[in-house]
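# Chain and residue survey
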Amino acid sequence: DEVMAVAREMVGKEIEKHAADGLGRVDYALASGGAYVVKHSEVYGGIKGGFPFPGISGRAGVHANSGKMLRPSFGEPGDCFALKGSSGFVQIKLRTAIVPEAITLEHVAKSVAYDRSSAPKDCRVSGWFKGQETTDLTRNAEKMFSLAEFTYDLEKSNAQTFGISDSSGVGVIDMIRLDFTSNHGSASHTCIYRFRVHGHEPDSIVPLAIQS
Amino acid sequence: DEVMAVAREMVGKEIEKHAADGLGRVDYALASGGAYVVKHSEVYGGIKGGFPFPGISGRAGVHANSGKMLRPSFGEPGDCFALKGSSGFVQIKLRTAIVPEAITLEHVAKSVAYDRSSAPKDCRVSGWFKGQETTDLTRNAEKMFSLAEFTYDLEKSNAQTFGISDSSGVGVIDMIRLDFTSNHGSASHTCIYRFRVHGHEPDSIVPLAIQS
Amino acid sequence: DEVMAVAREMVGKEIEKHAADGLGRVDYALASGGAYVVKHSEVYGGIKGGFPFPGISGRAGVHANSGKMLRPSFGEPGDCFALKGSSGFVQIKLRTAIVPEAITLEHVAKSVAYDRSSAPKDCRVSGWFKGQETTDLTRNAEKMFSLAEFTYDLEKSNAQTFGISDSSGVGVIDMIRLDFTSNHGSASHTCIYRFRVHGHEPDSIVPLAIQS
Ligand SMILES: [K+]
Ligand SMILES: [K+]
Ligand SMILES: [K+]
């Protein structure tokens, strides 16, 4: 009985975490929070749906499908942002300036996938502080931080979180870039289902890169 | 082994409840069931997205974002119906006339929230029977019931259910109104992520308020 | 402690399955995977929302709501493809040619439903290989396979999976048809919340029906 009570509490906590975006962790790259893709490598045209139309939330040169990687979904196979070839990048303006702590890269779950050869493999994440678009010349002194290098592993959970190597040395950032240099076998395209950025808002938003 | 069998069954039941709209309880304020917002206090304009456009399901003076509070979602921060200031109200036509038993107010989960100062705090729920819009004068005798007064607690689960104080004395209702008189700190706006109404359909739809 | 570790692992697996489209099984009738409804019996007009408009993904004579049955959702009551009367059918072009192993028929969960009299009851599923639309006369030799006959049971889980009777004798198919000959009581309409098709891709896509 006591075991069951403890078990019940554990189950409640696990379901609560699952219900809280799967990880129970704040995501500063979430579209509903104000983040958006500002730039990306060439889109894979073979995937149906999604047009580079200039809509309400459209940005020049940014594909309408890009928002898919900044939003939760039911995890359906095919419902991703697909980029051409086996290497490429996506650059994201975060909701606000943060001290980054970790990122999460998610692909379709193994059990429901038709094929996972389009999953990114070797990846590199970098970040910097851009601030408001301005003509202020001091802002050109953007310092880029290397945040993480990792390999997305098809044998692990489909949402894989990677810590920022040396969080203490990294300053405040509001732009982040994911580069993938290889994928799991597809010659035609690489699919990004979701990318999240975890961290905390600094007490002051003056970036370390400019402070020094 | 026996413990595990019992545990497995418990887990199955908990996940089933989670999959059944989180609570496993019928919601008569659900948009897909035919409920809709008929009136609300001033909308907070600072939240991007959502326009008071006259669309297919548009109603005069009702903001398009209002439907968000009558629908399940992934619980993303920012994906709510935002009203101006720290007090206000929303009035909802239910799917059908019911004897109300409880209501549920939901805010974004703590673990994924950027900030929860926009959560409603002190609330009051009232209901009445309106019936079909008609020129029938007897219909003006709408009797309003006070259904519940409660405080949304940031330390508890994000979906909080409150029973109807004296369910037996309450008649049949098809309109419900949520008034919030304070929030958890935001001076600019209050966010409603979801509002549900639980109860049962009466054998006869003649409202007690008119029966007597 | 050891019991808890085993329990925790079990819970993790169950939640993972739940997160993976509820069943953790590949679905070849998924809209995001490229499947679509090609034909259906008369739609029930009483259900609001959804118009037979000729949109981007529209097909002649196919109702826009038909896609609802090939997509995951939050399982809200009313969010289904509703057909007129207590018998009817839906015909689906699968994402690709497969050897079928099972199908899953899903209705709204009992705990959140207003009424389940619109659930299909006695059903029959058949399939065949159609291939590309072509004038090639040999393609007219489509051989239809009877895949399953079953009764959707309101007392069981809302997503019910039925195996293909004799999977070994069934050839490769890319078209599937669900016929329901009765429902659980509604005289006006029958609702299909979701229909899935499980199986595996053959090494060769030459259908057995033509091979022989
Ligand atoms: K997504
Ligand atoms: K919602
Ligand atoms: K569905």
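A short tour of the structure in this document, coming up. Every chain is numbered independently, its residues counted from 1 as its sequence is written. Chain labels run from A onward and ligand labels from 1 onward, assigned in the order the entries are written. Residues qualify for local features only when their pLDDT is at least 70, as the model is predicted, and side-chain atom pairs are given and counted only at 80 or more; totals for whole chains, interfaces and linings, by contrast, use all residues. Water and hydrogen atoms were dropped before computing side-chain values, which therefore reflect all heavy atoms in the structure.

### What about the relation of the copies chain B and chain C?
Rules: Here the copies are superposed with least squares, the fitted atoms being C-alpha atoms of residues at a pLDDT of at least 70 in both.
Aligned on chain C, chain B shows an RMSD of 0.0 Å; the corresponding rotation is 120 degrees and the shift along the axis is 0.0 Å. Each copy turns onto its partner about a three-fold axis. Scanning chain B for the C-alpha nearest the rotation axis identifies B:Val11, at a separation of 3.8 Å.

### Regarding the interface of chain B and chain A
Counted only if it meets this: Any two residues whose heavy atoms approach within 4.5 Å are treated as being in contact. Accessible surface is computed with a 1.4 Å probe, and the buried area is the amount of it that two parts give up when combined, taken over both parts together. Here, a salt bridge means any side-chain nitrogen of Lys or Arg that lies within 4 Å of a carboxyl oxygen of Asp or Glu. Polar contact is defined as a pair of N or O atoms within 3.5 Å, subject to the rule that within protein one atom must be able to donate a hydrogen and the other to accept it, and that residues adjacent in sequence are counted only when both atoms are side-chain atoms. Note on residue classes: Ala, Val, Leu, Ile, Met, Phe, Trp, Tyr, Cys and Pro are nonpolar, Asp, Glu, Lys and Arg are charged, and everything else, Gly too, is polar.
Taken together, the 19 residues of chain B in the interface contact 26 residues of chain A. Between chain B and chain A the total buried area reaches about 1,800 Å² when both faces are included, carbon and sulfur atoms providing 72% of it. Of all residues in chain B, B:Met10, B:Phe74 and B:Tyr114 give up the largest surface area on contact with chain A, accounting jointly for 38% of the area buried on that side. One can count 0 salt bridges joining chain B with chain A. Our enumeration of links across chain B and chain A arrives at 4 residue pairs in polar contact (both at pLDDT 80 or more). Looking at the side of chain B that touches chain A residue by residue, the class counts come to 13 nonpolar, 3 polar and 3 charged.

### Comments concerning the coordination of the potassium ion (ligand 1)
All names here are of chain A. Counted only if it meets this: Excluding water, the donors of a metal are its N, O and S neighbours within 2.8 Å, or within 3.2 Å for Na, K and Ca, and that exclusion means sites may look incomplete. Secondary structure follows DSSP: runs of H or I at least 4 residues long count as helices, runs of E at least 2 residues long count as strands, and numbering of each begins at the N terminus. With a 1.4 Å probe rolled over the protein chains alone, any residue whose accessible area is under 20% of its type maximum counts as buried; one over 50% counts as exposed, and the rest are partly exposed.
Distances from the potassium ion (ligand 1) to its protein donors, namely Lys68 (O), Arg71 (O) and Tyr193 (O), fall within the range 2.6 to 2.9 Å. The motif formed by the donor residues of the potassium ion (ligand 1), counted along the single chain, is K-x2-R-x121-Y. Of this pair, Arg71 sits in the loop between β1 (36-40) and β2 (81-84) while Tyr193 sits in the loop between β8 (189-192) and β9 (194-200); the two residues are 122 residues apart in sequence, bridging distant segments of the chain. A residue is classified by how much of its surface remains accessible, and Tyr193, at 10% relative accessible area, is buried.

### Comments concerning the interface of chain B and chain C
Residue-level contacts link 26 residues of chain B with 19 residues of chain C. Summed over both sides, the interface of chain B with chain C buries roughly 1,800 Å², with 72% coming from carbon and sulfur. The largest per-residue losses of area from chain B upon contact with chain C belong to B:Met4, B:Ile15 and B:Ser32, which jointly make up 26% of the total buried on that side. Here chain B and chain C share 0 salt bridges between them. At 8 residues, the largest contribution of residues to the side of chain B that touches chain C is made by helix α1 (residues 2-19) of chain B. Classifying every residue of the side of chain B that touches chain C by side-chain character gives 14 nonpolar, 6 polar and 6 charged.

### Let's talk about the packing of helix α1 (residues 2-19) of chain A against helix α1 (residues 2-19) of chain C
The test is simple: With axes taken as lines fitted to C-alpha atoms, and helix axes fitted only over the stretch in contact, angles between N-to-C directions fall between 0 and 180 degrees. The crossing is said to be left-handed when, going from far helix to near helix, the turn is anticlockwise and less than a right angle, and right-handed when the turn is clockwise.
α1(C) packs onto α1(A) with a crossing angle of 30 degrees between their chain directions and a minimal axis gap of 10 Å. As for the relative orientation of α1(A) and α1(C), their crossing is right-handed in sense. On α1(C), the residues touching A:Val3, A:Val6, A:Ala7, A:Met10, A:Val11, A:Glu14, A:Ile15 and A:His18 of α1(A) are C:Val3, C:Met4, C:Ala7, C:Arg8, C:Val11, C:Ile15, C:His18 and C:Ala19. Taken together, the residues of the contact of α1(A) with α1(C) break down into 12 nonpolar, 2 polar and 2 charged.

### A word on the coordination of the potassium ion (ligand 3)
Residues and elements named next belong to chain C. The protein atoms that coordinate the potassium ion (ligand 3) are Lys68 (O), Arg71 (O) and Tyr193 (O), at distances of 2.6 to 2.9 Å. Mapping the donors of the potassium ion (ligand 3) onto the primary sequence yields the spacing K-x2-R-x121-Y. You can see Lys68 sitting in the loop between β1 (36-40) and β2 (81-84) and its partner Tyr193 sitting in the loop between β8 (189-192) and β9 (194-200), a full 125 residues away along the chain. In this structure Lys68 comes out as partly exposed when scored by relative accessible area, which is 26%.

### A closer look at the side chain of A:His40
Residues and elements named next belong to chain A. Topologically, His40 is positioned in strand β1. For His40, a relative accessible area of 14% corresponds to the buried category. A distance of 3.0 Å separates the side chain of His40 from the backbone nitrogen of His63, its partner in a polar contact. Residues in contact with His40, not counting those within four places in the same chain, are Gly61, Val62, His63, Phe81, Leu83, Phe89 and Val90.

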